[in-house]
Amino acid sequence: MSEFLSHRRRRGDMTTTEKLWQVSWSLVFLITLIASVGFLMLYSAANGSWDPWANRQIMRFAIGLAFMLGIALIDVRQLMKWSYTAYGIAFVLLVAVEVRGEIGMGAQRWIDLGIFQLQPSELMKVSLVLALARYFHGASLEDVGRPLFLVPPMLLVFAPAALVLKQPDLGTALMLIAGSGVTFFMAGVRLWKFALVLAAGMAAVPVAWNFLRDYQKNRVLTFLNPESDPLGTGYHILQSKIALGSGGVFGKGFLQGTQSHLNFLPERQTDFIFTMMAEEFGMAGGIILLGLYVVVLIYGFVIALRSRHQFGRLVAIGVTTTFFLYVFINIAMVMGLIPVVGVPLPLISYGGTAMLTLLIAFGCLMSVHIHRDVQIGRRGGYDEP
């Protein structure tokens, strides 16, 4: 009987009920727990009101959770089949941003769909993971070792990164490149090739500096010396550091943060929400949240290790790396360790597209977990042993 069930799992012949039993409900609970922390912080950001942020975020999470579970039940071979299509749609939407995109806070990043504003660069993060996993699935080390074999996936990465950088959105462009780099490495690309790309990138820095917008240059200069303009470009990071320090070990208490509630801390519902949390709950609260993030990352890496097919391993690694970059960049940014680049804190910061994209990505991760034993051929079909 066990051999029969094992054979069915290898073929992916599972009923919906069997798939639901295979869902990692502990991971679903962790994601919901982190999101709930976000709801409370958005409630605090609005000075003790569910409007205008917390209510909307809860509704978005509920919709996204349904998407996540729905995608988790989809056969992983179907995700592989439609990965290039998803990438193509996301790329077309990025081009559409250049034509009819909405401008907000000095950047052209959104498409107004009437019901909500869509940010295609967020969709590209998960679409790129799927496309790269599809390309490298079944590739041998000899294939990966050929320079010409790496040209198409590099185009898959740098074409959308260039469009995102033009919006301009430096943070998301760097996330696309960095996250893809991990996928390349896991696919078997040698380290010396990364060294060549890194050297070329460093050599291009002086040229790239001339193409940065003035506010982007100011962000870099402010990062190097935030005290040079404390009431201008350095205001955000200085207030963030003050709030972080004033929270101490255990914080000032829920709804008691002075920097945020007296409006000294800018963008407290989005980019600097971790700062507000650290002021109210202190270092202890920040460490607990980081611990929850670490557990989610461990889940992602374990799912990658347990997958028997290359596509699943690369999807799991790509999703987990993207999640890690969200966390690392946002927290390093608000602490002044890197320049301010406008990356949200995952599942915590207010934002519809970012929340939906993350939950879709987690749905793909769970699909890999449910279908971890499926044997996938090079073209995506069932591979007979």
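Refer to the preceding data block for the structure.
Since the structure is predicted, the reported quantities are computational estimates derived from the model, not experimental observations.

The rules behind the values
- Residues numbered from 1 in each chain as written.
- Predicted model: local features only at pLDDT ≥ 70, side-chain atom pairs only at ≥ 80, totals over all residues.
- Heavy atoms only, no water.
- Helix = DSSP H or I, 4+ residues; strand = E, 2+ residues; numbered from the N terminus.
- Buried < 20%, exposed > 50% of the residue type's maximum accessible area, 1.4 Å probe, protein only.
- Contact = heavy atoms within 4.5 Å.
- Areas by Shrake-Rupley, 256 points an atom, 1.4 Å probe, with all protein chains shown as cover.
- Patch = residues over 30% accessible without salt bridge, like charges linked within 9 Å, V, L, I, M, F, W, Y side chains within 5 Å.
- Salt bridge = Lys/Arg side-chain N within 4 Å of Asp/Glu carboxyl O.
- 1 Å grid on protein atoms, 1.4 Å probe; cavity = no way out; pocket = protein on both sides within 12 Å on 5 of 7 lines; lining within 4 Å.
- Points joined across faces, edges and corners; volume = space filled by probe spheres on them.
- Expected span 1.5 Å × (residues − 1).
- Bend = angle between axes of the 7 residues up to and from the residue.
- Core = buried A, V, L, I, M, F, W, Y, C linked by side-chain atoms within 4.5 Å.
- Axes fitted to C-alpha atoms, helices over the stretch in contact; angles between N-to-C directions.
- Parallel < 35°, antiparallel > 145°, perpendicular 65-115°, else oblique.
- Nonpolar A, V, L, I, M, F, W, Y, C, P; charged D, E, K, R; others polar.
- Phe/Tyr/Trp six-rings, centres within 6.5 Å; stacked < 30°, edge-to-face > 60°.
- Left-handed = near helix turned anticlockwise from the far one by under 90°.

In terms of regular secondary structure, the chain is built from 18 helices and 3 strands. Counting over 385 residues, the chain shows a buried share of 50%. Taking as baseline every contact in the chain between residues at least 6 positions apart, the subset at least 24 positions apart corresponds to 72%. In the form shown here, the chain has an accessible surface area of approximately 18,200 Å², with 68% of it arising from carbon and sulfur atoms.

Moving on to a nonpolar patch on the surface. Taken together, the side chains of Leu40, Trp50, Ile58, Phe254, Leu255 and Phe281 present a nonpolar region at the surface, about 470 Å² in accessible area. Topologically, phenylalanine 254 is positioned in the loop between helix H14 (235-246) and helix H15 (258-261). Given the relative accessible area of 30%, phenylalanine 254 is considered partly exposed.

Okay, empty space enclosed by the protein next. For the coordinates displayed, the defined rule picks out 3 cavities of 30 Å³ or more. Around the largest cavity, the lining residues are Lys125, Leu128, Val129, Leu132, Met175, Leu176, Gly179, Ser180, Gly318 and Thr322. Only helix H7 (120-136), helix H10 (170-187) and helix H17 (310-334) provide two or more residues apiece to the lining of the largest cavity.

Its 17 residues give H7 an end-to-end C-alpha distance of 24 Å, which sits within 8% of 24 Å, the value for a rise of 1.5 Å per residue. Largest kink in H7: about 25°, centred on valine 126. Taking burial as the measure, the 17 residues of H7 include 16 buried ones, the bulk of the element. With its phi angle positive at about 80°, glycine 138 sits one or two positions after the end of H7.

The terminal C-alpha atoms of helix H18 (residues 352-370), which comprises 19 residues, lie 27 Å apart, in line with the 27 Å expected from a rise of 1.5 Å per residue. Counting buried positions along H18 yields 17 of 19 residues, so the element is predominantly enclosed.

Grouped together as the largest cluster of nonpolar side chains are 96 residues, with contacts concentrated most on Ile31, Phe136, Phe323 and Leu347. Here this core gets 14 residues from one element, more than from any other, and that element is H17. Setting aside its immediate chain neighbours within four residues, phenylalanine 136 contacts Val144, Phe149, Leu150, Pro153, Phe184, Ala187, Gln310 and Leu314.

With respect to the element layout, threonine 183 can be found in helix H10. Threonine 183 gets classed as buried once you look at its relative accessible area, which sits at 2%. The residues touching threonine 183, leaving out its near neighbours within four places in the chain, are Leu132, Leu314 and Gly318.

Relative to each other, H7 and helix H9 (residues 151-166) sit at 175°, their axes nearing to 10 Å. The pairing of H7 with H9 is recorded here as roughly antiparallel in orientation. Contacts from Ser121, Met124, Leu128, Ala131, Leu132, Tyr135 and Phe136 in H7 reach Pro152, Pro153, Leu156, Val157, Pro160 and Val164 in H9. Per-class residue counts for the contact of H7 with H9 are 12 nonpolar, 1 polar and no charged.

Another point: the pattern of salt bridges. Two side chains with opposite charge may pair up if their charged atoms get near one another. Applying the stated criterion to the full structure yields 5 salt bridges. When the shortest N-O distance is used, the salt bridge between glutamate 279 and lysine 252 registers 3.3 Å. Taken together, the residues glutamate 279 in helix H16 (residues 273-306) and lysine 252 in the loop between H14 and H15 connect sequence positions 27 residues apart. The partly exposed category is assigned to lysine 252, whose relative accessible area is 34%. Its salt-bridge partner being aspartate 373, residue arginine 308 comes within 3.3 Å of it at the nearest N-O pair.

The next thing to look at is the environment of isoleucine 71. Here isoleucine 71 is to be found in helix H4 (residues 54-72). With relative accessibility at 14%, the residue isoleucine 71 sits in the buried group. Residues isoleucine 71 and leucine 365, spaced 294 residues apart in sequence, show a C-alpha to C-alpha distance of 9.2 Å. If near-sequence neighbours (up to four positions away) are discounted, isoleucine 71 is found in contact with Leu79, Ile360, Gly363, Cys364 and Ser367.

We now examine the packing of aromatic side chains. A full pass over the atoms with the stated rule returns 13 aromatic pairs. A ring pair is formed by phenylalanine 39 and phenylalanine 61, whose centres lie 5.8 Å apart and whose planes are at 70°; its orientation type is edge-to-face. Taken together, the positions of phenylalanine 39 in helix H3 (residues 25-45) and phenylalanine 61 in helix H4 put the pair 22 residues apart, joining distant regions of the chain. Across this residue pair, the class does not change: phenylalanine 39 and phenylalanine 61 are buried. With a centroid separation of 4.6 Å and an interplanar angle of 50°, the aromatic rings of tyrosine 43 and tryptophan 50 are classed as tilted. Assessed through its relative accessible area of 39%, tryptophan 50 is described here as partly exposed. Ring-pair connections join several aromatic residues into one group, and the members of that group are Tyr43, Trp50, Phe254 and Phe281.

Moving on: the packing of H3 against H18. For any two helices packed against each other, one specifies the crossing angle of their axes together with the interaxial distance. Between H3 and H18, the least distance of the axes is 11 Å, while the angle of their chain directions is 165°. The angle between H3 and H18 places the two elements in the roughly antiparallel class. Handedness of the H3/H18 crossing: right-handed. Contact residues: H3 offers Leu27, Val28 and Ile31, while H18 offers Leu359, Phe362, Leu365 and Met366. Split by residue class, the contact of H3 with H18 holds 7 nonpolar, no polar and no charged.

That's the geometry; what it means functionally is another story.
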